[in-house]
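# Geometric and topological summary
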Amino acid sequence: MHAIFRFIMLLKYDVIVIGGGHAGCEAATASANMGARTCLVTIDMNKIAQMSCNPAVGGIAKGQIVREIDALGGQMALVTDATAIQFRMLNRSKGPAVWSPRAQCDREKFIWQWRTVLDSTPNLDIWQDQAQELLVEGNETVGVRTVWGVELRAKCVVITAGTFLNGLLHVGRCKLPGGRMAEPAVMHLTESITRHGINSARMKTGTPVRIDKRTVHFEDMEIQEGETDFHQFSFMGKHRVLKQLPCWTCYTNPEVHKTLMSGIADSPLYNGQIQSIGPRYCPSIETKLVTFPQKEQHPLFLEPEGETTNEMYLNGFSSSMPMDIQLAAIRKIPALRDVKIYRPGYAIEYDFFDPTQLDHSLESKIIKGLFFAGQMNGTTGYEEAGGQGTVAGINAALRCGGSEPFIMHRDDSYIGVLIDDLVTKGVDEPYRMFTSRAEYRILLRQDDADARLTEKAYNLGLATRVRYDWWMEKKEAVERIINFCNTTSVKPKEINSALEALGTTPLREGCKISDLIARPQITLDNIAENIPALKEILNSPTNRKEEIAEAAEISMKYKGYIEREKIIADKMHRLENIKIRGHFKYSEMKQLSTEARQKLIKIDPETLAQASRIPGVSPSDINIMLVLMKR
């Protein structure tokens, strides 16, 4: 009988993914879609891809990551489009290098859309349980053991536990173990990992109160409507299937600040109860007051949680203050004077692992076959998690098949920037992606993610034939427009009246249409009315005409900048091609600075380019290694 029990409770797979958040869902679907027999282990199947904080996807640079996940054949963009209740393209007043899509989503529909995706993915099983112990033989992982005694064996394990590892929730002086509000913490798994020499530390994040919209005075707030044009997240999915809803804005005031400061002695951030580091770029309201005491107001954004629910999210008011202080403070805001809340804001502390102990494939350098992805790598945000999950899932599947790892680079994706920053620089605070972190951001626009990544994903076996064919159709349509504009001339008498009406200098002699498009006042749309042949090409039957026209226009307008940045990136690739792992005994290289030796020993970079990005490794250190390599 005992032998039968052991047989029943031993489950075998190629890849096991621990954690059903945004990283875990992308990792599991990527692995399974590449043909690996995959099992996703999650505590609660009804909270798959839970949006623990703001029910929104995208934002500055984050939106580019989601477009990249989509171009790779991932799911986040499709799920977002299917559940979006407001869409906006941020940074439209600036150049297209920093345009960033953002969508407010229906929280519950987002979960169930992801469940639909997971349930329909071949090669993927879901097991509702809690991982307790990583199983390691030699220096390789062989699976996990759960709290119910089940052993899941696999060639690769991807851990995406989010904030659950030894999670501790804080509201004022009250604290309770938990991975999220009303969900249990995962105990002991961290210790089963660190006993093998992997370092862990603690981080902190938080979330605001949830508000009952029936008690809000919207007449005292400013409405913020979404956009209704052609933009969306996925290059393929349906467009705006749910009812679109507005968001609302208001401000804190001195009375709010006074009420909050009256409870600062009970704030776990300032009474010593929380020791770990929180996100610099998403601070709690109490942190804002302490950091910027001279400011008399801070902006707040009231955002819907769903298409039909009364629950709303007060963006900008993240807090772990005592709940009576939180409620008293927000009632000092005129629009929220009669407000009722569903639950208070809270902070959470959790374990994360030093990401410099990972390769660029997100595989551990210490335990082979073990991959980490998401918030437990020191990042913050659903999008950063999803990007890492996609890469970890791809590489876990590749490792099972004995293939070389798939590495993303700084000049082909924001995901590449993210991972390179993590594994070469490490983190001392929760990492958030910004466009300023990417030195090649003109090459990493949201409009060209498919141009950068879809063919690679198709060759990997992740992007489907349908996705690949759509990209090829788009590519040919973009090239057709650009070729037409590069080879077709217009004469002054044909176009000057239109140019003057658009506020730009008339022509003295004929020029190519592409030269006109380079002017800031001119777009394909506003000039096509005066060039019938161009209008005909733009209206030719194809999918997503507006998206194709935008991609062609950006390529022409910013051609010089794009080509210049490609030259710079190509130069850096020369260093990327110089492999140094295993060539040097850094401890014996007295030519290097002491700090450089210490950092190089710790991180053990694969290439000279990676070494050049390690804090503490100077250009002179790189030159020394380059000279020694030539010898």
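Here the structure is a predicted model, which means the values were calculated and not measured.

## As for the overall build of the protein chain
The secondary structure content of the protein chain amounts to 22 helices and 24 strands. At 26 Å, the protein chain has a C-alpha radius of gyration in line with the 25 Å of a compact globule built from 631 residues. Projected onto the principal axes, the alpha-carbon positions of the protein chain cover approximately 85 × 70 × 55 Å. Going through the 631 residues of the protein chain one by one, you find that 57% of them count as buried.

## Examining helix H3 (residues 62–71)
Within H3, ten of the ten residues are buried, leaving the element largely enclosed by the surrounding structure. Within the sequence span of H3, burial applies to Lys62, Gly63, Gln64, Ile65, Val66, Arg67, Glu68, Ile69, Asp70 and Ala71. Directly beyond the C-terminal end of H3, a positive phi value near 100° is found at Gly73.

## Quick word on the sheet that holds strand S13 (residues 174–177)
Taken in spatial order, the four strands line up as S13-S12-S21-S14 in an open sheet, and their pairing is antiparallel. A single partner strand is all that each edge strand has here, and the edge strands are S13 and strand S14 (200–207). The sheet shows a mean angle of 25° between the axes of neighbouring strands, direction not considered. Across three bridges, the pairing between strand S12 (residues 168–171) and strand S21 (residues 346–353) is antiparallel. Each bridged residue has a counterpart across the sheet, and for His170 the counterpart in S21 is Ala347.

## A look at the nonpolar core
Of all hydrophobic cores here, the largest spans 132 residues; its most connected members are Ile159, Leu524 and Leu534. A total of nine residues in this core trace back to one element, the largest contributor, which is helix H10 (residues 382–400). Residues in contact with Leu524, not counting those within four places in the same chain, are Ile481, Cys485, Ile517, Leu534, Leu538, Ala549, Ala552, Glu553 and Met556. Residues Val216, Trp248, Met312 and Val339 belong to the second largest nonpolar core, which totals 23 residues.

## Remarks on the pairing of strand S9 (residues 140–146)
A large share of S9 lies buried, amounting to five of its seven residues. In sequence, strand S8 (residues 131–137) turns back onto S9 through a hairpin of two residues, with Gly138 there showing a positive phi of about 65°. Here three bridges tie S9 to strand S10 (residues 151–153), and the two strands are oriented antiparallel to one another. Paired with Val144 across the strands is Leu152, a residue of S10.

## Quick word on the confidence of the model for the protein chain
Residues of the protein chain with pLDDT of at least 70 account for 99%, and the chain-wide mean is 94. Taken as a whole, residues 1–7 scores under 50 in pLDDT and shows two contacts with residues more than four places along the chain or in a different chain.

## Regarding the packing of aromatic side chains
Taken as a whole, this structure holds seven aromatic pairs when the rule is applied. Between Phe353 and Phe372 the ring centres are 5.0 Å apart and the planes differ by 25°, which places this aromatic pair in the stacked class. On the criterion of sequence distance, the pair formed by Phe353 in strand S21 and Phe372 in strand S22 (residues 370–372) is long-range, its members being 19 residues apart. When its relative accessible area of 2% is taken as the criterion, Phe372 is described as buried.

## A word on the pairing of strand S11 (residues 156–159)
A two-sided burial pattern is seen for S11, the buried positions comprising Cys156 and Val158 on one face and Val157 and Ile159 on the other. Looking at chain direction, strand S2 (residues 15–18) and S11 are connected through four bridges and run parallel. Within S11, the position partnered with Ile18 by the bridge is Ile159. As defined by bridge partners, S11 adjoins S22 across three bridges and the pair is classed as parallel. Within the sheet, the bridge partner assigned to Val157 lies in S22 and is Leu370.

Conventions adopted
- Residues numbered from 1 in each chain as written.
- Predicted model: local features only at pLDDT ≥ 70, side-chain atom pairs only at ≥ 80, totals over all residues.
- Heavy atoms only, no water.
- Helix = DSSP H or I, 4+ residues; strand = E, 2+ residues; numbered from the N terminus.
- Rg over C-alpha atoms; globule rule 2.2 N^0.38 Å.
- Buried < 20%, exposed > 50% of the residue type's maximum accessible area, 1.4 Å probe, protein only.
- Pairing = 2+ DSSP bridges.
- Axes fitted to C-alpha atoms, helices over the stretch in contact; angles between N-to-C directions.
- Core = buried A, V, L, I, M, F, W, Y, C linked by side-chain atoms within 4.5 Å.
- Contact = heavy atoms within 4.5 Å.
- pLDDT = per-residue confidence, 0-100.
- Phe/Tyr/Trp six-rings, centres within 6.5 Å; stacked < 30°, edge-to-face > 60°.

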